[in-house]
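Examining the three-dimensional arrangement
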Amino acid sequence: MSHSAAPRSYLRPAALMPSLQTDDSSDLFIRVAGRSDIAAATAEIIVRMGTARDEALLLPAAEARERARYESEIACLLTRHEAPRQPLAGLSLDRPRIMGIVNVTPDSFSDGGTFASARAAIDHALQLEADGADILDIGGESTRPGAEPVSVEEELRRVLPVIEGLAGRTKALISIDTRKAEVMRRALAAGAHIINDVAALTYDAACLEIAARSKAPIILMHAQGDPRTMQSAPRYGDCLLDVCDWLTARIAVCEAAGIDRARLVVDPGIGFGKTLTHNLELLTGLTLLHGLGVPLLLGASRKSFIGMLSGTKNAHERLPGSIATALHGAAQGVQILRVHDVAETRQALTVWESMQRGAPHPST
Ligand code: 7PM
């Protein structure tokens, strides 16, 4: 990762709290991602020139605002942090949403091939919708560390019947989890609404053009290296800041290709070329990424960092850690939580949202 010599500033809203909802115009807090239910009392301002952090200071929100009056980079960041996010394919993002994982891979670590047939995958997806999923994420290529790529033909054979079977039968949005332009194109034509790309449109040269032409929302995930090799020796100057810079660059590439920023979602890519320490740095500092001005997605469900922290070898034993991570994400203002266990996550979120607002939350 290369860095220009010019100092670069970052702003991380901190000291998060349920917003007071008494004075909307208060200068005393930062409205996280334009939300009315999450406020930050302080802002950590970070500056770096090279690879490591050169300076970090924690300011009360009002003092960060004062600084924005003479530092345009801080002003720009604050504006992006506080802008309300646009709805995604009609789905409002003023509260956390659940994306349910539908694996259509015979070797998937979490489904063990149970849903290898289209019929079973469709039934599973409809169950996830009934359990409270807002988005159904259909994936036909395993991107597990060490996994070999599958052919376009094989991937299409897996996902198209599932998307065709779901289109018109579900009110949930359908996303296609793929790195390949041809799979994106065919999946959208079959009824998918959203592109979810773990390679952020870098895997093949046609992805940018297909994405630009489609008008569909696009999830750009950060990964370091290819799935086959990414866990061998991940290295960062500063993981959180490097991921932020990389996503900034990908957003710029998308915008240059004619993709409106309002269509983009970003994702730090938990477990994709990251050590346990890297994953924890990202999870702890998540609110910094709201400075990109687009919705955030977090995919941590059943991942190996939970296993490392809890000593659970089997992915199916990681539900408690997955729920803890989802609620941590919600409290940091993450708009989309990508999970396997939708019913359990929905219950946890409903209780969390009610406590956050101090009133029962409407269920839809
Ligand atoms: C096997 C191993 C199957 C690993 C599936 C996986 C993410 C994603 C995946 C994520 C976004 C998993 C991964 N992870 N898309 N696709 N964000 N946007 O654990 O974190 O689900 S695949």
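Look a little higher up for the structure.
Here is a short report on the structure shown in this document. (Residues numbered from 1 in each chain as written. Predicted model: local features only at pLDDT ≥ 70, side-chain atom pairs only at ≥ 80, totals over all residues. Heavy atoms only, no water.)

**So, the nonpolar core**
Note the cut-off: We define a nonpolar core as any set of buried Ala, Val, Leu, Ile, Met, Phe, Trp, Tyr and Cys residues linked to one another through side-chain atoms lying within 4.5 Å. A 1.4 Å probe rolled over the protein chains alone gives each residue an accessible area, and that area as a share of the maximum for its type sets the label: buried under 20%, exposed over 50%, partly exposed in between. Should any heavy atoms of two residues lie within 4.5 Å, those residues are counted as being in contact.
Counting 88 residues, the largest nonpolar core has Ile-138, Ile-163, Leu-166 and Leu-201 as its most contacted members. If we ignore the near neighbours within four places in the chain, the residues touching Ile-138 are Val-102, Val-104, Val-159, Val-162, Ile-163, Leu-166, Ile-174, Ser-175, Ile-176 and Asp-177. Within the second largest apolar cluster, 11 residues are counted, among which are Met-99, Leu-173, Ile-194 and Ile-219.

**Quick word on the state of the cysteines**
Just so we agree on the cut-off: What counts as a disulfide here is a pair of cysteine sulfur atoms lying within 2.5 Å.
A complete count under the given rule lists 0 disulfides for this structure. Lacking any disulfide linkage, Cys-207 is separated from the closest cysteine sulfur, that of Cys-254, by 10 Å.

**Overview of the packing of helix α1 (residues 61–68) against helix α2 (residues 72–82)**
Which entries qualify depends on this criterion: Where helices are involved, their axes are fitted lines through C-alpha atoms of the stretch in contact, as for all axes, and angles between N-to-C directions lie from 0 to 180°. By definition, any uninterrupted DSSP run of H or I lasting at least four residues is a helix, any uninterrupted run of E lasting at least two residues is a strand, and each is numbered from the N terminus. Reported orientations rely on four angle classes, namely roughly parallel under 35 degrees, roughly antiparallel over 145, roughly perpendicular from 65 to 115, and oblique for the rest. By the definition used in this description, the sense in which the near helix is turned from the far one sets the handedness, with an anticlockwise turn below a right angle giving left-handed and a clockwise turn giving right-handed. For this classification, the nonpolar set comprises Ala, Val, Leu, Ile, Met, Phe, Trp, Tyr, Cys and Pro, the charged set comprises Asp, Glu, Lys and Arg, and every other residue, Gly included, is treated as polar.
Two elements in contact, α1 and α2, have axes separated by 8 Å at closest approach and are oriented at 130 degrees. The angle between the axes of α1 and α2 places the two elements in the oblique class. As α1 packs across α2, the resulting crossing turns out to be left-handed. In contact with Ala-64, Arg-65 and Ala-68 of α1, α2 contributes Ile-74, Ala-75, Leu-78 and Glu-82. For the contact of α1 with α2, the per-class residue count stands at 5 nonpolar, no polar and 2 charged.

**Overview of the packing of aromatic side chains**
This is how the line gets drawn: Between 30 and 60 degrees the pair is tilted, below 30 it is stacked and above 60 it is edge-to-face, where a pair is any two Phe, Tyr or Trp rings, Trp via its six-membered ring, whose centres lie within 6.5 Å. A ring has a charge above it when a Lys NZ or an Arg CZ is no more than 6 Å from the ring centre and no more than 35 degrees off the ring normal.
Taken as a whole and judged by the stated rule, the model has 0 aromatic pairs. The ring centre of Tyr-203 lies 4.1 Å from the NZ or CZ of Arg-179, which sits over that ring.

**Re the pattern of salt bridges**
Opposite charge on two side chains makes pairing possible when the charged atoms of those side chains draw close. Applied cut-off: We count a salt bridge whenever a side-chain nitrogen from Lys or Arg sits within 4 Å of a carboxyl oxygen from Asp or Glu.
With the rule as written, the count across this model stands at 29 salt bridges. Two residues, Arg-95 and Glu-353, come together in a salt bridge whose shortest N-O distance is 3.1 Å. With Arg-95 in the loop between α2 and β5 (97–103) and Glu-353 in helix α11 (residues 342–357), the pair connects residues that are 258 residues apart, well separated along the chain. Each member of the pair, Arg-95 as well as Glu-353, is classed as buried. The salt bridge involving Arg-179 is made with Asp-226; its shortest N-O contact spans 3.7 Å. Taken together, the positions of Arg-179 in the loop between β7 (173–177) and α5 (181–189) and Asp-226 in the loop between β9 (218–221) and α7 (239–256) put the pair 47 residues apart, joining distant regions of the chain. Judged by relative accessible area, Arg-179 falls into the buried class, the value being 5%. Three or more residues joined by partner-sharing salt bridges are found here, namely Glu-141, Glu-155, Arg-179, Lys-180, Asp-226 and Arg-228.

**Considering the pairing of strand β3 (residues 38–48)**
Each regular strand shows side chains that alternate between the opposite faces of the sheet. Stated precisely, the cut-off is as follows: For two strands to be treated as a pair, DSSP must find no fewer than two bridges joining them.
Burial of β3 is extensive: 10 of the 11 residues sit out of reach of the surface. As defined by bridge partners, strand β1 (residues 8–18) adjoins β3 across 10 bridges and the pair is classed as antiparallel. Across the sheet, the residue bridging to Arg-12 is Glu-44, located in β3. Here strand β2 (residues 30–31) pairs with β3 via 2 bridges, running antiparallel. Within the sheet, the bridge partner assigned to Ile-30 lies in β3 and is Ala-40. Hairpin connection of β2 to β3: 6 residues between the antiparallel strands, including Ala-33 at a positive phi of 55 degrees. Between β3 and strand β4 (residues 55–60), which pair antiparallel one after the other, the connecting turn spans 6 residues.

So far we have only geometry, and geometry alone does not tell us how the molecule works.
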